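The lines below spell out each chain.
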Amino acid sequence: MFRTLGVYVADADLAAREVVKKGMPALAEITEYFGKDVLLGDGSLDRRKLAGIVFSDKASLKKLNEITHKYIKMYIEQQLSHADCEIAAIDGAVIIGSSVEPLCSYITAVTADRETRILRIMKRDSISRADAEKRIDAQQSDDFYIAHSDFVIQNNIEKIDFIKLDIEGAELDALNGAKETIMKYKPKLAICLYHQNSD
């Protein structure tokens with residue numbers, strides 16, 4: 001959606017997968033805390049097993065976020081520093097309250113009703129309804145996302161054909177209010193897309 005408007009999109013979910021690959025420091029920290037049971041036979045992360053642990057226990061999820069977020073932030077910062085663009089977005093499910101949030105000038109929440117989200121997660125990750133519900137229940141409510149966002153996109157349909165933001169006006173506001181954050185990178189404006197597993 002934003003890419004069609006010429007916005008460079010850094011994918012936080014992709015970053016989260018990259019930083020926990022075999023041999024990476026994040027995986028070593030995860031293994032130290034959660035044990036070797038979260039590893040597959042080849043030493044790589046058993047993502048499904050770890051998900052079963054953290055989405056059933058808020059303390060475990062908090063610890064996982066503490067471990068991974070610093071590495072995700074570094075990965076995204078590197079992406080943004082090499083981005084040849086005027087505007088950038090960071091697309092991720094856990095941005096508000098994370099170390100990535102200060103990189104953003106605006107937050108856009110993409111929400112959907114509960115049933116739509118459940119069905120999408122089941123289809124995307126090939127998991128049971130119960131497991132999909134655990135993932136949703138581990139997140140904040142819609143009211144939380146909306147209260148902490150500058151823009152909200154309601155995404156209950158399968159495809160959004162077109163959306164256009166007032167980029168020029170937003171850019172001026174961002175440059176006036178967040179120069180130190182924005183000018184660290186080539187992009188002039190960082191828009192964060194915060195989604196609730198709604199895509």
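Sequence order as written defines the numbering, with residues in each chain counted from 1. Per-residue local features are limited, in this predicted model, to residues with pLDDT of at least 70; the limit for side-chain atom pairs, both in listing and counting, is 80 or more; totals at the level of whole chains, interfaces and linings are taken over all residues. In computing side-chain properties, one takes all heavy atoms of the structure into account and sets aside hydrogens as well as water.

K.L.:
An account of the overall build of the protein chain is requested, with residue identities and associated values reported.
P.N.:
Only runs of H or I of at least four residues qualify as helices and only runs of E of at least two qualify as strands under DSSP, and these elements are numbered from the N terminus. For the protein chain, the helix and strand inventory stands at 9 helices and 5 strands. Listed N to C, the secondary structure of the protein chain is β-α-α-α-α-β-β-α-α-α-β-α-α-β in terms of helices and strands. Categorising residues by exposure relies on relative accessible area from a 1.4 Å probe, with only protein chains included: less than 20% of the type maximum marks a residue as buried, more than 50% marks it as exposed, and the intermediate range marks it as partly exposed. The buried share of the protein chain, reckoned over its 199 residues, is 44%. Counted over contacts in the protein chain with a minimum sequence separation of 6, partners at least 24 positions apart contribute 72%. Here the Shrake-Rupley method, with its probe set to 1.4 Å, supplies the accessible areas, and only the displayed protein chains count as covering residues. Surface summary for the protein chain: the accessible area is close to 11,000 Å², and the carbon and sulfur share equals 52%. Whether two residues are in contact is decided by their heavy atoms, any of which lying within 4.5 Å being enough.

K.L.:
Report on helix α2 (residues 25-34), specifying residues and quantitative values.
P.N.:
By the burial criterion, the buried members of α2 are A26, L27, I30, T31 and F34. Looking down the long axis of α2, one finds its buried residues gathered within 135 degrees of arc, a one-sided arrangement. Close packing links the buried residues of α2 with α3 (47-54) and α4 (58-81). The arc under discussion is defined with respect to the helix axis, by the directions toward the C-beta atoms.

K.L.:
Could you give me a rundown of unusual backbone geometry, with the residues and numbers involved?
P.N.:
Phi at S126 is positive, roughly 55 degrees, even though this residue is not glycine. Structurally, S126 can be placed in the loop between α5 (114-125) and α6 (129-137). Residue S126 is classed as exposed on the basis of its relative accessible area, which comes to 54%.

K.L.:
Give a description of the packing of α3 against α4 that names residues and reports values.
P.N.:
The geometry of α3 relative to α4 is characterised by a closest axis approach of 7 Å and an angle of 125 degrees between their N-to-C directions. If you check the angle between α3 and α4, you find them oblique. The segment α3 lies against α4, with L50, I53 and V54 engaging S60, L61 and L64. The class makeup of the residues in the contact of α3 with α4 is 5 nonpolar, 1 polar and no charged. As a rule, the C-alpha atoms of each element are fitted with a line to give its axis, helices using only the stretch in contact, and angles between N-to-C directions run from 0 to 180 degrees. If an angle is under 35 degrees, it is roughly parallel; if it is over 145, roughly antiparallel; if it lies from 65 to 115, roughly perpendicular; otherwise it is oblique. Basically, the charged four are Asp, Glu, Lys and Arg, the nonpolar ten are Ala, Val, Leu, Ile, Met, Phe, Trp, Tyr, Cys and Pro, and anything else, Gly included, counts as polar.

K.L.:
Run through the packing of aromatic side chains, naming residues and quoting values.
P.N.:
The criterion for an aromatic pair is that two Phe, Tyr or Trp rings (for Trp, the six-membered ring) have centres within 6.5 Å, with stacked assigned to planes under 30 degrees apart, edge-to-face to planes over 60 apart and tilted to the rest. One pass over the full model with this rule turns up 3 aromatic pairs. With a centroid separation of 4.8 Å and an interplanar angle of 80 degrees, the aromatic rings of Y33 and F34 are classed as edge-to-face. Its relative accessible area of 45% is what places Y33 among the partly exposed residues. Measuring from centroid to centroid gives 5.9 Å for F144 and Y145, while their planes differ by 75 degrees, and the two rings are edge-to-face.

K.L.:
Break down the pairing of strand β2 (residues 87-92) for me, with residues and values.
P.N.:
Most of β2 sits inside the fold, with 6 of its 6 residues counted as buried. One bridge is not enough; two strands pair if DSSP finds at least two bridges between them. As paired strands, strand β1 (residues 8-11) and β2 are joined by 4 bridges and run parallel to one another. Residue pairing across strands places D11 opposite D91, the latter belonging to β2.

K.L.:
With reference to specific residues and values, describe the nonpolar core.
P.N.:
In this structure, I30, F34, L45, L50, I76 and I90 are the most contacted members of the largest nonpolar core, which totals 30 residues. Every element with two or more residues in this core is listed here: α1 (12-18), α2, α3, α4 and β2. Considering each element in turn, this core owes the most residues, 7 residues, to α4. By nonpolar core is meant a set of buried Ala, Val, Leu, Ile, Met, Phe, Trp, Tyr and Cys residues that side-chain atoms within 4.5 Å join together. By size, the runner-up hydrophobic cluster in this structure holds 7 residues, among which are V7, V9, A89 and I153.

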